[in-house]
Amino acid sequence: MEKMVIEGGNPLRGNIRISGAKNAALPIMASCLLLKGTSRIQGIPELTDVKTLCEILINLGVKTERCKDHTLEITVQDDSNVTAPYELVRTMRASICVLGPLLGRRGAAKVSIPGGCSIGPRPIDLHIKGIKALGAEVEMKDGYVIATGKRLKGTTVYLGGVAGSSVLGTCNILMAAVLGEGRTIITNAACEPEVQDLANFLNKTGAKITGIGEKTMIIDGVDELHGTEYTIIPDRIEAGTLMIAGAVTGGRVVLQNIIPGHLTSVIDKLVEIGIDIQTRTISKGNSPGKNVYECIVESNGHFNPVNITALPYPGVPTDMQAQFTALLSIAKGVSSITEKVFPHRFVHVAELNRMGANIRNDDAVSIINGVPSLSGTTVMASDLRASASLVIAGLVAKGVTEIRRLYHIDRGYEKIEERLTSLGAKMWRERE
Ligand code: EPZ
């Protein structure tokens with residue numbers, strides 16, 4: 001196993017290009033199960049989660065070909081298999097996103113039920129509710145969800161759970177319904193940009209989806225979908241993470257390939273914390289959605305305390321909660337972070353406290369008493385965003401930080417140490 005070693009205290013300076021969004025790429029890749037012909041998708045990040053999904057797709061008779069410049073070509077060659085086995089699904093809970101397209105196109109799906117993880121329980125009741133509403137027969141057996149339904153029938157389905165909408169739940173019902181008969185209306189649909197990207201991709205393949213980005217989505221079933229060319233949106237969570245990494249070190253970074261509109265709540269909080277953020281339009285496309293932007297993030301290393309609540313989009317994303325916690329641990333005063341999406345997502349807190357932070361966590365709320373500085377030590381990554389928070393803490397800590405269980409970070413941040421080193425960070429990998 002590898003560990004990351006970081007020598008803290010070096011301000012980050014320079015330009016960095018944001019990758020395509022992991023959480024848009026995964027459902028879009030899965031949705032290719034619905035298509036006839038080849039799709040050529042640009043902006044696919046080089047991540048272990050992408051590799052895992054490729055393995056699942058290959059096992060389902062799909063040819064996946066990595067071309068240069070983050071492009072992936074995907075073609076269904078054999079649609080007889082409908083099983084996503086435990087050995088492949090267990091490493092990535094997002095694998096559940098093959099359920100909807102398998103059912104929608106092949107009339108059956110047998111997908112291993114994802115277990116919980118360090119961010120808390122990961123139920124799939126809304127996914128099941130949605131496909132049942134579309135007429136599928138569903139059985140939970142031997143750790144698998146087994147669903148059958150020859151041609152699903154459009155209906156109205158409310159996709160709300162205890163924590164509100166579900167991102168992959170909405171993606172799955174969308175993918176199950178596009179080849180269904182008649183009209184499906186999803187109410188309380190997730191509005192996240194990644195769900196919008198999936199819907200925009202599917203419309204390019206011939207689907208009829210309206211209400212994209214709204215709480216009510218309407219899907220009019222079509223008989224066939226075809227391969228297309230598409231570019232994945234920039235990763236708003238990678239962008240937000242790099243904004244905090246630049247700011248925490250008192251540096252100046254220019255983020256290229258960014259959609260600031262996807263980061264409104266994050267930028268708003270960073271400005272309240274005292275970070276200067278300027279957005280520039282680099283070139284205008286045919287519509288505002290196609291404009292290319294860059295964002296200049298600059299800080300003097302002094303941070304105000306703030307109160308944050310992690311909420312579904314357009315609120316502050318839960319996927320940024322741990323990174324904000326690392327930043328606020330050195331703010332001047334007391335901050336709070338309330339987690340409304342995954343109320344158990346706080347494993348990073350104990351590790352940050354080992355680095356000298358003073359954070360108390362109780363009932364989905366972290367109270368962060370800012371300290372003057374953090375100090376490097378050995379810490380353990382527990383999930384993807386927790387790893388990102390430890391990297392941020394390591395960049396600003398006095399001395400050397402070693403992050404163990406590094407494989408988590410490679411699930412969601414492409415070549416992180418290479419890219420941060422290019423900005424002036426001192427960090428490298430070593431074998432444990
Ligand atoms: C997606 O997970 C993301 N993953 C997560 O990112 C992200 O944290 C999450 O959405 C919330 O934004 C991918 O897109 C691959 P949810 P998802 O269903 O879809 C509850 C990362 O670090 N719920 O929107 O699995 C659930 O327990 C990852 O990149 C139900 O109750 O999350 C949670 O409280 C981690 N029943 C809330 O809804 C269900 O059937 C939101 O979960 C499904 C979910």
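The structure displayed is predicted, hence computed values, not measured ones. (Residues numbered from 1 in each chain as written. Predicted model: local features only at pLDDT ≥ 70, side-chain atom pairs only at ≥ 80, totals over all residues. Heavy atoms only, no water.)

1. Focus on the side chain of Lys269
1) Next: Along the chain, Lys269 falls in helix α9 (residues 264–273).
2) Next: For Lys269, a relative accessible area of 15% translates into the label buried. (Helix = DSSP H or I, 4+ residues; strand = E, 2+ residues; numbered from the N terminus. Buried < 20%, exposed > 50% of the residue type's maximum accessible area, 1.4 Å probe, protein only.)

2. Observations regarding the nonpolar core
1) Next: Ranked by internal contacts, the top residues of the largest apolar core, which has 73 residues, are Met29, Val98, Val111, Leu202, Ile209 and Leu225.
2) Next: Top contributing element to this core by residue count: helix α6 (residues 167–177), with seven residues. (Core = buried A, V, L, I, M, F, W, Y, C linked by side-chain atoms within 4.5 Å.)

3. Here we look at helix α2 (residues 48–59)
1) Next: Helix length check: α2 (twelve residues) gives 17 Å between terminal C-alpha atoms against 16 Å at 1.5 Å per residue, within 8%.
2) Next: Here the buried face of α2 lies against α1 (22–31), β4 (62–67), β5 (71–76), β6 (83–84) and α3 (86–89).
3) Next: In the stretch just after α2, Gly61 is the one whose phi turns positive, near 85°. (Expected span 1.5 Å × (residues − 1). Contact = heavy atoms within 4.5 Å.)

4. A word on the side chain of Thr184
1) Next: Within the secondary structure, Thr184 is located in strand β11 (residues 183–187).
2) Next: Residue Thr184 is classed as buried on the basis of its relative accessible area of 1%.
3) Next: In this structure Thr184 touches Leu134, Gly154, Thr155, Ala177, Met217, Ile218 and Ile219, once residues within four positions along its chain are discounted.

5. A look at the pattern of salt bridges
1) Next: Under the definition given, this model contains 20 salt bridges.
2) Next: Between Glu402 and Lys3 there is a salt bridge; the shortest N-O distance is 3.1 Å. Of this pair, Glu402 sits in strand β23 (residues 400–404) while Lys3 sits in strand β1 (residues 2–7), and the two are 399 residues apart along the sequence.
3) Next: Judged by its relative accessible area of 10%, Lys3 is buried. (Salt bridge = Lys/Arg side-chain N within 4 Å of Asp/Glu carboxyl O.)

6. A short note on the site of the ligand
1) Next: Around the ligand, 23 residues are found, and the nearest of them are Ser166, Val167, Asp319, Val341 and Arg385.
2) Next: Asp319 is positioned such that a nitrogen or oxygen atom in its side chain is 2.6 Å from an oxygen atom of the ligand.
3) Next: The contact in question runs from an oxygen atom of the ligand to an N or O atom on the side chain of Arg345, over 3.3 Å.
4) Next: Protein coverage of the free-state accessible area of the ligand, which is 820 Å², stands at 90%.
5) Next: When contributions to the shell around the ligand are tallied by element, the ones reaching two or more residues are α1, α5 (125–133), α6 and α12 (384–396). (Near = heavy atom within 4 Å. Polar contact = N/O pair within 3.5 Å; in protein donor to acceptor, adjacent residues only side chain to side chain. Areas by Shrake-Rupley, 256 points an atom, 1.4 Å probe, with all protein chains shown as cover.)

7. Comments concerning unusual backbone geometry
1) Next: Cis geometry marks the peptide bond from Tyr313 to Pro314, where omega comes out at 10°.
2) Next: If you check the backbone angles, Asn257 has positive phi at about 65° while not being a glycine.
3) Next: Take Asn257: it is sitting in strand β15 (residues 252–258).
4) Next: Look at Ala364: it is not a glycine, yet its phi comes out positive at around 70°.
5) Next: Within the element layout of this structure, Ala364 appears in the loop between β20 (358–362) and β21 (365–369).
6) Next: Since its relative accessible area comes to 15%, Ala364 is described here as buried.

8. Describing the packing of aromatic side chains
Here a ring pair, both rings aromatic, is described through the centre-centre distance and the interplanar angle of the planes.
1) Next: Applying the stated criterion to the full structure yields one aromatic pair.
2) Next: Ring geometry for Phe201 against Tyr230: centres 5.4 Å apart, planes inclined by 75°, an arrangement best described as edge-to-face. One end of the pair, Phe201, is in helix α7 (residues 193–204); the other, Tyr230, is in strand β14 (residues 229–231), with 29 residues separating them in the sequence.
3) Next: Overall, the relative accessible area of 0% leaves Phe201 in the buried class.
4) Next: You can call Tyr230 buried: its relative accessible area is 13%.
5) Next: When the ring centre of Tyr144 is taken as reference, the NZ or CZ atom of Lys110 above it lies at 4.9 Å. (Phe/Tyr/Trp six-rings, centres within 6.5 Å; stacked < 30°, edge-to-face > 60°. Lys NZ or Arg CZ within 6 Å of the ring centre and 35° of its normal.)

9. What about empty space enclosed by the protein?
1) Next: Enumeration according to the criterion identifies two cavities of 30 Å³ or more in this entry.
2) Next: Roughly 50 Å³ of volume is contained in the largest cavity.
3) Next: Along its surface, the largest cavity is lined by Thr241, Leu242, Ala245, Ala388, Val391, Ile409, Tyr413, Ile416 and Leu420.
4) Next: Among the elements that make up the lining of the largest cavity, the one with the highest residue count is helix α8 (residues 236–248) (three residues).
5) Next: Broken down by class, the residue content of the lining of the largest cavity amounts to eight nonpolar, one polar and no charged.
6) Next: In this structure, the second largest cavity encloses a volume near 30 Å³.
7) Next: In terms of lining residues, the second largest cavity is bounded by Ile18, Pro234, Asp235, Arg236, Ala239, Asn257, Ile258, Ile259 and His262.
8) Next: Looking at the lining of the second largest cavity, the elements that each hand over two or more residues are α8 and β15. (1 Å grid on protein atoms, 1.4 Å probe; cavity = no way out; pocket = protein on both sides within 12 Å on 5 of 7 lines; lining within 4 Å. Points joined across faces, edges and corners; volume = space filled by probe spheres on them. Nonpolar A, V, L, I, M, F, W, Y, C, P; charged D, E, K, R; others polar.)

10. A short note on the domain arrangement of the chain
1) Next: Under the domain assignment used here, the chain contains domain 1 (2–19 + 234–431) and domain 2 (22–231).
2) Next: Distance from the C-alpha centre of domain 1 to the C-alpha centre of domain 2: 29 Å.
3) Next: Each side of the interface is counted separately: domain 1 has 23 residues, and domain 2 has 20 residues.
4) Next: For the pair domain 1 and domain 2, the summed buried surface comes to about 1,800 Å²; carbon and sulfur atoms form 51% of the total.
5) Next: Among the residues domain 1 hides against domain 2, the three largest losses belong to Tyr313, Arg411 and Glu414. Together they make up 32% of the total.
6) Next: The interface formed by domain 1 and domain 2 holds three salt bridges in total.
7) Next: The salt bridge involving Arg236 is made with Glu194; its shortest N-O contact spans 2.8 Å.
8) Next: Joining domain 1 to domain 2, the criterion identifies nine residue pairs in polar contact (both at pLDDT 80 or more).
9) Next: Its residues placed into classes, the side of domain 1 that touches domain 2 shows seven nonpolar, five polar and eleven charged. (Domains from an automatic or database assignment. Buried area = accessible area lost by both parts, 1.4 Å probe.)

11. Observations regarding the sheet that holds strand β13 (residues 216–220)
1) Next: Strand order in the open sheet made by the four strands is β10-β11-β13-β12, with mixed pairing throughout. Of all the strands in the sheet, just β10 (156–158) and β12 (208–210) have a single pairing partner and so form its edges. Along the sheet, successive strands turn relative to each other by an average axial angle of 15°, direction set aside.
2) Next: Sheet analysis places β11 next to β13, joined by five bridges and oriented antiparallel. In the strand pairing of β13, Ile185 is matched with Ile218. (Pairing = 2+ DSSP bridges. Axes fitted to C-alpha atoms, helices over the stretch in contact; angles between N-to-C directions.)

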